[in-house]
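Examining the three-dimensional arrangement
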Amino acid sequence: MSPARADKLVQRLAERELNALLLTNLVNVRYLSGFTGTNAICVVTPNDRFFLTDFRYVERAEQEVPDFERLRGKQDLLSDAAERLSGRVGFEDQHMSVRQHKRLQELAPEGVELVPAGGLVEDLRAVKEEGELRAIREAADLADDIYEYLCSRGLAGRTEREVALDLESEMRERGAEDPSFPSIVAGGSHGALPHADPRPVRIDENTLVIVDMGCIVDGYCSDCTRTFATGDLSDEAGEVYELVLAAQQESLAAIRAGAECRVVDGVARDRIDEAGHGDHFGHGLGHGVGLEIHEAPRLAQSSDGTLAAGNVVTVEPGVYLPGAFGVRIEDLVIVTDEGSEVLSHFPKSLITLGA
């Protein structure tokens, strides 16, 4: 893992007048150190980089964490980490529980001031390095391949759960570490639930089916949604599909470094609202993707930030009609100075998958 990441973090500490940052969130620990195990803490100061883990992971850490001073602690690492704290110490208030914080206060040496400092590492993670982008591109390419596989298998007559498990098994066979999240397969009226759980229920003919899935490659996620038909559709279903597709394409055109997240979200929201479906689009337009499936930045009306080159975000408008059907179309994109690089290449024209 590049020591430059810790150097950038130290610059942030100076801006916040912090003497150290205590990292307890394992995703942030991985980002800074390269460690992929399940128990570790990092302490970063202007002069020191401490990495603590327990007996189970000492050998792994020797291989994965070359740029930190590696220390073996007890399985509960907080007391060992506390011994290395002094001055104003930032902690990850977005992740640390109230109980952990109380215990840290009790363990910290006299004179230590604990300062909420959540988001410092997440801000660094939001702008991807080339190696990260390479992994995300591979994960997105694999998701495209899995959609091609789905086309060879069909939808109608299979259960939602059967399809979801089949897709996840196939992605692992083709090299994915895991799915990015539990795959969503939702037919007919079940598709009106944006985060529907696949059911042991057969998918009907002549309906819409939302399929939302992603793959993890080298620790990095992809995310892609397509909506399929299983036969002839009502005029309303066809019109809503074309509406969502138009909103998605217009939103993609608005993506570029410097664009306000709220404004990009508004491109799709205004188009869908003008068509009379504003109340049926209740989630944000998109979110960052990286080591986690949901991370900064967010494309939503509640977002205050702007996009930067190197951000990786989803663009996924949807319309959900309770009791009828849902439509969502999602691409994964890299933000560039000129616009965006779209990573999801599976077609977005409406495809019919029968039995």
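The structure contained in this document is the topic of the report that follows. Computed from a predicted structure; not experimentally measured. (Residues numbered from 1 in each chain as written. Predicted model: local features only at pLDDT ≥ 70, side-chain atom pairs only at ≥ 80, totals over all residues. Heavy atoms only, no water.)

With that settled, consider the sheet that holds strand β12 (residues 224–229). Read from one edge to the other, the open sheet built from three strands follows the order β8-β9-β12, with strand pairing classed as antiparallel. Looking at which strands have only one partner, the edges of the open sheet turn out to be β8 (184–187) and β12. Averaged over all neighbouring strand pairs, the angle between strand axes comes to 15°, with direction disregarded. Along the sheet, helix α8 (residues 160–173) contacts β8 and β9 (208–213); its crossing angle with β8, the most-contacted strand, is approximately 150°. (Pairing = 2+ DSSP bridges. Helix = DSSP H or I, 4+ residues; strand = E, 2+ residues; numbered from the N terminus. Axes fitted to C-alpha atoms, helices over the stretch in contact; angles between N-to-C directions. Contact = heavy atoms within 4.5 Å.)

All right, on to a negative patch on the surface then. Taken together, the side chains of Glu138, Asp141, Asp145, Glu148, Glu177 and Asp218 present a region of like negative charge at the surface. Take Glu148: its relative accessible area is 47%, and that puts it in the partly exposed class. (Patch = residues over 30% accessible without salt bridge, like charges linked within 9 Å, V, L, I, M, F, W, Y side chains within 5 Å. Areas by Shrake-Rupley, 256 points an atom, 1.4 Å probe, with all protein chains shown as cover. Salt bridge = Lys/Arg side-chain N within 4 Å of Asp/Glu carboxyl O. Lys, Arg positive; Asp, Glu negative; His and termini not counted. Charge placed at Lys NZ, Arg CZ, Asp CG, Glu CD. Buried < 20%, exposed > 50% of the residue type's maximum accessible area, 1.4 Å probe, protein only.)

Next up on the list: unusual backbone geometry. Across the chain, the bulk of peptide bonds are trans and the bulk of non-glycine residues have phi less than zero. Here Ala296 and Pro297 are connected by a cis peptide whose omega angle stands at 0°. For Pro297, the position within the fold is in strand β14 (residues 295–299). Positive phi is not limited to glycine here, since Glu17 has a value of about 55°. One non-glycine residue with positive phi stands out, namely Asp218, at about 55°. Examined against the element boundaries, Asp218 turns out to sit in the loop between β10 (215–217) and β11 (220–221).

Here Ser33 shows up in helix α2 (residues 26–33). By relative accessible area, which is 2% here, Ser33 ends up buried. A distance of 2.7 Å separates a polar side-chain atom of Ser33 from the backbone oxygen of Val29. At 3.2 Å, the side chain of Ser33 and the backbone nitrogen of Phe35 are in polar contact. (Polar contact = N/O pair within 3.5 Å; in protein donor to acceptor, adjacent residues only side chain to side chain.)

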